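Chain residues, written in single-letter form:
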Amino acid sequence: MDIKKIRFQNHSDPRGSLVVAEWGKELPFEVKRIYYIFGVGGDQRRGFHSHKALRQVYIAIHGSMKVLLDDGERQETVLLSDPAEGLYIGHNVWREIFDFSEDAVLLVLASETYAESDYIRDHDAFLQSLKENK
Ligand code: T46
């Protein structure tokens, strides 16, 4: 599955922490868009889609959430709770995000600008697209 955890540069000193994610070092793509998600109720789930080309890095800037990842062959659930760590997700990976803590803020760094045409929002269509692209 095209996913990996990324550890960012963490500059902590008595004044607090400063975390850096730099393209060519920790970040595997140039960032064209950022967005963030917060205020998600405890029983709400987000995502439920894959991307045809988009690659992203998820960062739990505050609080925690879980991400279920599925490449059509296996599934894995990753807990995000460390603001000095990112979760890279390549294209063609189905994701569902859930178990947001009340204080959770999920920051997303994206390799492309927004395009609804890049989304596959139906799981059967996702599995079909994997077969067609084999
Ligand atoms: C992902 C997870 C973590 C825009 O207009 N521009 C944008 O850049 C984005 C990301 C969304 N939108 C609009 C489209 C919808 O009307 O915002 C609304 C909510 O988006 P969506 O239902 O796709 O939200 P999530 O949380 O299910 O998914 C989003 C991203 O779309 C997705 O790529 O990985 O956050």
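Residues numbered from 1 in each chain as written. Predicted model: local features only at pLDDT ≥ 70, side-chain atom pairs only at ≥ 80, totals over all residues. Heavy atoms only, no water.

### Describing the site of the ligand
Of all residues adjacent to the ligand, which total 14 residues, the nearest are R33, R46, H51, Y58 and Y119. In the environment of the ligand, an oxygen atom lies 2.9 Å from a nitrogen or oxygen atom belonging to the backbone of G47. R95 is positioned with one of its side-chain polar atoms (N or O) 3.4 Å from an oxygen atom of the ligand. Contact with the protein chains removes 67% of the 650 Å² of surface that the ligand exposes when unbound. (Near = heavy atom within 4 Å. Polar contact = N/O pair within 3.5 Å; in protein donor to acceptor, adjacent residues only side chain to side chain. Areas by Shrake-Rupley, 256 points an atom, 1.4 Å probe, with all protein chains shown as cover.)

### Concerning the nonpolar core
One finds Y58, M65, L69, L80, L87, F100 and L106 to be the most contacted residues of the largest nonpolar core, which totals 18 residues. Those elements giving two or more residues to this core turn out to be β6 (56-62), β7 (65-70), β8 (75-80), β9 (85-89) and β11 (105-110). Among the elements that take part in this core, β7 stands out by supplying 3 residues, more than any other. Discounting chain neighbours no more than four positions away, the residues touching L87 are K4, Q56, V57, Y58, V67, L69, V78 and L80. I6, F29, V57 and I59 belong to the second largest nonpolar core, which has 9 residues in total. (Core = buried A, V, L, I, M, F, W, Y, C linked by side-chain atoms within 4.5 Å. Buried < 20%, exposed > 50% of the residue type's maximum accessible area, 1.4 Å probe, protein only. Helix = DSSP H or I, 4+ residues; strand = E, 2+ residues; numbered from the N terminus. Contact = heavy atoms within 4.5 Å.)

### Section: the environment of G24
Here G24 shows up in the loop between β3 (16-20) and β4 (33-38). Take G24: its relative accessible area is 68%, and that puts it in the exposed class. Residues G24 and R45 lie 21 residues apart in sequence; the distance between their C-alpha atoms is 32 Å.

### Remarks on the pattern of salt bridges
When the charged atoms of two side chains lie near each other, side chains of opposite charge can form a pair. For the structure shown, the criterion picks out 10 salt bridges. Its salt-bridge partner being K5, residue E85 comes within 3.2 Å of it at the nearest N-O pair. Of the two residues, E85 sits in strand β9 while K5 sits in strand β1 (residues 3-7), which places them 80 residues apart along the sequence. With a closest N to O distance of 2.7 Å, R7 and D82 form a salt bridge. Here the residue R7 occupies a position in strand β1, and D82 occupies one in the loop between β8 and β9, the gap between them amounting to 75 residues. Bridged by salt links that share partners, the residues K5, R7, D82 and E85 form one connected network. (Salt bridge = Lys/Arg side-chain N within 4 Å of Asp/Glu carboxyl O.)

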